[in-house]
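The chain contents come next:
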Amino acid sequence: MYIAKCTEDGVSYAAVDFSRLPHDEIARKRRFLVCLGCGGPAYFMKASKSGRSACFGARPHAEGCDEAAPKYETDPDGRGEDQEQLNNPAERIVVDLRFGTGKKPEVKENDDLRPNHGRRGRFQPGGARPNAETHRRLSSLLRHLMEIEGFSQSKQILDIDEYGEFVAKDFFIPLLDASEEHSGLFRGYWGMLTDAQLDSDNTLWLNSRGRHNISFCIDSQSASELFNRYGIQDEEELSGAYILAMGKVRVSANGKIYCPLDEEQLYTLRLVR
Ligand SMILES: [Zn+2]
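Bear in mind that the values here come from a model prediction, so they are computed numbers and not experimental data.

S.K.: Hey, could you run me through the pairing of strand S11 (residues 186–192) in this one?
M.R.: The two faces of a sheet get side chains in turn, since along a regular strand they alternate between them. For S11, a buried count of five out of seven residues is recorded, marking the element as mostly surrounded by other parts of the structure. The pairing of strand S10 (residues 172–174) with S11 spans three bridges and is parallel. What sits directly across from Ile173, in S11, is Tyr189. When S11 meets strand S15 (residues 242–248), the two strands line up antiparallel, connected through seven bridges.

What follows is the structure in structure tokens.
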């Protein structure tokens, strides 16, 4: 998108003009951008070293919005994507936290099931199993949340390793709904990031909107691992990315809601490409 509106000052900016604002002003106003067509939450991307010019994007657009939505890469962490069916009606989802983190996969198989090859998320026709369950990676869950309306509000059971079992509709919290009332609760926070910033300690902050909305913090060591994992050069490339992060919300002394992401297996990103 070439134009977006900032709700803080009510001004509609062309991306090239927005990119020429003072640094502090960009840092603040980029969290208050909306799509001119539908009012959906928007983000700003600076011009990249590889030659992409400054631009805006928005996700999700309201249905019927004329503004084109950006493409998200189909291979979010460079390690291959499930080719599973998205509409699998399994009632129980075993979340595979180990996949793609360098840790050994530990997919449990029921005795009556075939080996896992190609079976992921797929059931044999007519095979009404008493304990219908499917295994999913975090990246696959995030794709579900983005693409399947109603999944976040479903009653599917999530079995998340040592963290326990949760009902999807209680577990998945849109980023902009995260609040103090979630403090201390283990939940899956998901949605679009407006921007990311490194602070003076090289802690990486992933922001979801204004200072009253949830941010995620990642220490400098883990941040460089994140950059490697997703093949990115700087934090600007995280603008507009989707995130699903499992963790506990904390509230700082000055009321900021945040969630530390210490373990890479507990979050996944889907970058704009
Ligand atoms: Zn729109």
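So, next bit.
S.K.: Got a minute to help me understand the sheet that holds strand S14 (residues 215–218) in this structure?
M.R.: Consider a sheet: its strands pair through backbone hydrogen bonds, and that pairing is either parallel or antiparallel. Read across the open sheet, the five strands follow the order S12-S13-S14-S17-S16; overall the sheet is mixed. With partners counted over all chains shown, the strands left at the sheet margins are strand S12 (195–198) and strand S16 (250–251), one partner each. Two elements, strand S13 (residues 204–207) and S14, share four bridges in a ladder whose sense is antiparallel. Counterpart to Asn207 in the pairing with S14 is Ser215.

S.K.: Honestly, helix H3 (residues 138–147) in this entry has me stumped. Any pointers?
M.R.: Since the α-helix advances by 3.6 residues per turn, residues separated by three or four positions end up pointing in the same direction. With eight of 10 residues buried, H3 is to be regarded as a mostly interior element. By the burial criterion, the buried members of H3 are Leu138, Ser139, Ser140, Leu141, Leu142, Arg143, His144 and Leu145. Lining the buried residues of H3 we find strand S6 (92–96), strand S7 (133–137), S10, S11, S15 and strand S18 (267–270).

S.K.: Is there a simple way to explain the pairing of strand S4 (residues 42–45) in this structure?
M.R.: The side-chain alternation of S4 yields two buried faces, one formed by Ala42 and Phe44 and the other by Tyr43 and Met45. Both S4 and strand S5 (residues 55–58) contribute to a ladder of four bridges, which runs antiparallel. Across the sheet, Ala42 pairs through a bridge with Ala58, a residue of S5.

S.K.: Sorry if this is basic, but what is going on with the nonpolar core here?
M.R.: Across soluble globular proteins, you tend to see nonpolar side chains buried next to one another. Formed by 56 residues in total, the largest nonpolar core has its most connected members in Ala4, Phe56, Trp190, Ile243, Leu244 and Ala245. Counting residues per element, this core draws most heavily on S15, at five residues. Discounting chain neighbours no more than four positions away, the residues touching Trp190 are Leu142, Leu145, Phe172, Pro174, Leu175, Ile243 and Leu244.

Reading the values: rules and limits
Residues numbered from 1 in each chain as written. Predicted model: local features only at pLDDT ≥ 70, side-chain atom pairs only at ≥ 80, totals over all residues. Buried ≥ 20, exposed ≤ 12 C-beta atoms within 10 Å, placed from the backbone. Helix = DSSP H or I, 4+ residues; strand = E, 2+ residues; numbered from the N terminus. Pairing = 2+ DSSP bridges. Contact = placed C-beta atoms within 7 Å. Core = buried A, V, L, I, M, F, W, Y, C linked by C-beta atoms within 7 Å.

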